[in-house]
Every structure is written in structure tokens, then in C-alpha cells.
Amino acid sequence: AQSVAQPEDQVNVAEGNPLTVKCTYSVSGNPYLFWYVQYPNRGLQFLLKYITGDNLVKGSYGFEAEFNKSQTSFHLKKPSALVSDSALYFCAVSPPPGSGAGSYQLTFGKGTKLSVIP
Amino acid sequence: NAGVTQTPKFQVLKTGQSMTLQCAQDMNHNSMYWYRQDPGMGLRLIYYSASEGTTDKGEVPNGYNVSRLNKREFSLRLESAAPSQTSVYFCASTRDGIAAPLSYEQYFGPGTRLTVT
């Protein structure tokens, strides 16, 4: 069974500083990995994904994530945080195609609340 | 495009009452999903529909039923609501991909906040 861990419930960072939101995963084979963001009282919005290829993935709003197969991690990063980045961030994983019924199921982490302090 | 729409936005039920949450998407997506979000639990999949006419259970299907009415609409029904079903419910859809259905991002609706007393 696949699983995702976001070890930090909350991350605080000063505006202008770099930010990292951590994610580790467990899945058989080569995973598909995603980051989503949720602003208060809103649905989730897609940020970026890793399917295959370059381990550094660039996404929306200046975010990027690095896939590290040996450490089974997919940490979200941004060089300079903005107050408007304050939100709840979710990492998600799905198994590769051909895995059966689970191929249609994304497994989400519990979320990390990012607070950017002015 | 409206994307994914959900109705109602808020609902309060008494234990034992029934209700249906509605979801519609206008992106011509084949796959649709229902999730629930609880504090500290992330999102958990209730049911999904990989294509019109098919539905499958997710991680937490007990107490729920679904109907894929047509390609656009996917409803979630609570037959006899329980306080444990108090949650925020999200519908999502994704572009079809028979070989790699989850290589594409999911689009989420704004959610339905349900309270069962």
C-alpha cells in the first residue's frame, strides 16, 4: 500500500527567506508525485508534479520540488517566501500505471501549514 | 469555464437524515472523485468513477453511496447521516488517461461543509 508522510504539521518562515516543506513517500515502483495548495475555505489547487525525467520540477507561483529516489522524498521549495504563500500544503502520491485499481487513487499526506511572517 | 462546482456549500443534518451532495464538471473529464477532509487527516478518498457508468470504492466508503449520472455529474449520498460524517467534502475530476490515469492533475471543487448533530 502507498503512503505519504509530511513530518511537520506547521512551518514558519520569514518573508523573503527560502522555504522547504518536506514530504516522504512509500510506494512500489516508480511513483507519480504531486504537490497541492489549499487556501482558507477553498478547494485544493495543483502546484506541480513529478512523473518522470528531471528530478527538479518547477511549478506554479515560483515553487519547485526535488525528487530524490534514494531518500524517497519530494520536498517542496521556494527561494524567497511571500506572505501570500501562507496556506496548507499537501503532498500526494499515486502508483505507476498497471498497478491495478490503485492506479486511480491518489494518497494524500496530512498537510503542512505554512505561515510566512512579514 | 466554471470548472468543478459543488452544491450545497453548507449543510446541517440531524443524525439519521439523508442527503445528496452534487458535483458537476464542465471540462469533459472522464474521471471523478469524492474526498473528505478532516483536521489532521489530510484528504481521504471515499469513491471514484474512472469513467461514465463505473464507480469504485476508495479508502473510506462506508456510509456513502455514489452515482455517476452522466459524464459531467457525480453525486454522493448519505443515506443515514452520523456525527462521524461531519467533514468537508470535496469533489475532483481529472483528464482521462487510460494508460496513466493519474499522471494528470486533479481539479477540485470549492467543497461542501457538512455538520451532523
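Everything below is about the structure printed above this text.
Residues numbered from 1 in each chain as written. Chains lettered and ligands numbered in written order. Predicted model: local features only at pLDDT ≥ 70, side-chain atom pairs only at ≥ 80, totals over all residues. Heavy atoms only, no water.

Enquirer: Is there a simple way to explain the environment of Ser87 of chain B in this structure?
Expert: Residue and element names in this part refer to chain B. Inspection of the secondary structure puts Ser87 in strand 9 (residues 87–94). Overall, the relative accessible area of 6% leaves Ser87 in the buried class. Along the backbone, Ser87 and Leu114 are 27 residues apart, and their C-alpha atoms lie at a distance of 5.5 Å. If we ignore the near neighbours within four places in the chain, the residues touching Ser87 are Arg36, Gln37, Asp38, Thr112, Arg113 and Leu114. (Helix = DSSP H or I, 4+ residues; strand = E, 2+ residues; numbered from the N terminus. Buried < 20%, exposed > 50% of the residue type's maximum accessible area, 1.4 Å probe, protein only. Contact = heavy atoms within 4.5 Å.)

Enquirer: Can you help me understand the nonpolar core in this one?
Expert: Note on soluble globular proteins: their nonpolar side chains tend to be buried together. Counting residues in each nonpolar core, the largest one holds 27 residues, and the members touching the most others are Trp35, Leu47, Leu48, Phe74, Leu76 and Tyr89 of chain A. Listing elements by their share of this core, those giving two or more residues are strand 2 (10–14), strand 3 (19–21), strand 5 (32–38), strand 6 (44–50), strand 8 (64–68), strand 9 (73–78), strand 10 (87–94) and strand 12 (112–117) of chain A. Counting residues per element, this core draws most heavily on strand 10 of chain A, at 4 residues. Counting 20 residues, the second-largest nonpolar core is a separate cluster that includes Tyr47, Tyr64, Leu78 and Ala81 of chain B. (Core = buried A, V, L, I, M, F, W, Y, C linked by side-chain atoms within 4.5 Å.)

That is the geometry; function is a separate question.
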